[in-house]
Amino acid sequence: MDRQSVSSGTVWEELAGFSRAVRVGNHIFVSGTTATGADGNVVGDGDAAAQTRFIIDKIETSLHQLGGSLENVVRTRIYVRNIDDWEAAARVHGERFATIRPANTLVKAELVGEEYLVEMEAEAIL
């Protein structure tokens, strides 16, 4: 089985032993992604929409590294710390996936790290 993986270089990937994204055959699985920048700091501190934008860009980069794109995404999951942020996250998702329209779930969850307002996963089929 052909397997490729990519890392975004965050400390969490090495610490917990996971890849940002894994491609097996024509499927790409993107791990739960937060708005952690390359410097380890949170991007969009206190702004769920800004965090969601950064997260989708980070997911898109991982997909490109494995030969995919946002157009290949068939499933997303969005986790928000505060339920009041659901609409901000959903609107950004809607901007980026308006014509792609993957299956989606959005839930309130206890995220690791108080500064993280949004976390998102994605699955793509090429």
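Overview of the structure. All of these numbers come straight from a predicted model, not from anything done at the bench.

1. A closer look at the overall build of the protein
Move 1: Within the protein, the regular secondary structure consists of 3 helices and 6 strands.
Move 2: In terms of overall size, the protein behaves like a compact globule, its C-alpha atoms giving a radius of gyration of 14 Å where 126 residues would be expected to give roughly 14 Å.
Move 3: Counting over 126 residues, the protein shows a buried share of 37%.
Move 4: As presented, the protein carries roughly 6700 Å² of accessible surface, and 49% of it is formed by carbon and sulfur atoms.
Move 5: Charge centroids of the protein, computed over 12 positive and 19 negative side chains, lie 6 Å from each other.

2. Comments concerning unusual backbone geometry
Move 1: Within the chain, Arg101 stands out as a residue other than glycine whose phi angle is a positive 55°.
Move 2: Structurally, Arg101 is set in the loop between helix H3 (86-97) and strand S5 (103-108).
Move 3: Assessed through its relative accessible area of 67%, Arg101 is described here as exposed.

3. A short note on the side chain of Gln51
Move 1: Note on placement: Gln51 falls in helix H2 (residues 48-65).
Move 2: Relative accessible area serves as the criterion here: at 0%, Gln51 is assigned to the buried category.
Move 3: The residues touching Gln51, leaving out its near neighbours within four places in the chain, are Ala35, Val42, Val43, Gly44, Asp45, Gly46, Glu115, Tyr116, Leu117 and Val118.

4. Considering the nonpolar core
Move 1: If you look at the biggest cluster of nonpolar residues, it comprises 25 residues, and the most contacted ones within it are Leu63 and Val118.
Move 2: Within the residue set of this core, elements represented by two or more residues are strand S3 (27-33), H2, strand S4 (73-80), H3 and strand S6 (118-125).
Move 3: In terms of residues, this core owes the most to one element, H2, which gives 6 residues.
Move 4: Non-local contacts of Leu63, meaning those with residues more than four positions away in its chain, are made with Ile28, Val30, Gly68, Ser69, Leu70, Val73 and Ala124.

5. Quick notes on the pattern of salt bridges
Move 1: Scanning the entire structure with this criterion turns up 8 salt bridges.
Move 2: Measuring nitrogen to oxygen at the nearest pair gives 3.4 Å for the salt bridge that ties Glu121 to Arg77. Of this pair, Glu121 sits in strand S6 while Arg77 is found in strand S4, placing the two residues 44 residues apart along the sequence.
Move 3: Note that Arg91 is salt-bridged to Glu87, the shortest N-O span being 2.7 Å. Of the two residues, Arg91 and Glu87 both sit in helix H3, 4 residues apart, roughly one turn of that helix.
Move 4: When its relative accessible area of 55% is taken as the criterion, Arg91 is described as exposed.
Move 5: Each of Asp57, Glu60 and Arg96 takes part in salt bridges that share partners, so that together they form one network.

Definitions and limits used
Counting restarts for each chain, with residues numbered from 1 along the sequence as it is written. Predicted model: local features are reported for residues with pLDDT of at least 70 only, side-chain atom pairs are reported and counted for 80 or more only, and whole-chain, interface and lining totals are derived from all residues. No hydrogens and no water enter the side-chain calculation; it runs on all heavy atoms of the structure. Elements are defined by DSSP. Helices are runs of H or I of four residues or more, strands are runs of E of two residues or more, and each kind is numbered from the N terminus. Note on method: radius of gyration uses C-alpha positions; expected globular size equals 2.2 Å times residues raised to 0.38. Only protein chains enter the accessibility calculation, which uses a 1.4 Å probe. A residue is then buried if its area is under 20% of the maximum for its type, exposed if over 50%, and partly exposed in between. For every accessible area listed, the method is Shrake-Rupley and the probe measures 1.4 Å; residues are considered covered only by the protein chains on display. Neither His nor the chain ends contribute to the count of charged residues, in which Lys and Arg are positive and Asp and Glu negative. Charged side chains are reduced to one point each, which is NZ for Lys, CZ for Arg, CG for Asp and CD for Glu. Residue contacts are counted whenever heavy atoms from the two residues lie within 4.5 Å of one another. Nonpolar core, defined: a set of buried Ala, Val, Leu, Ile, Met, Phe, Trp, Tyr and Cys residues in which side-chain atoms within 4.5 Å join the residues together. For this analysis, a salt bridge means a side-chain nitrogen from Lys or Arg found within 4 Å of a carboxyl oxygen belonging to Asp or Glu.

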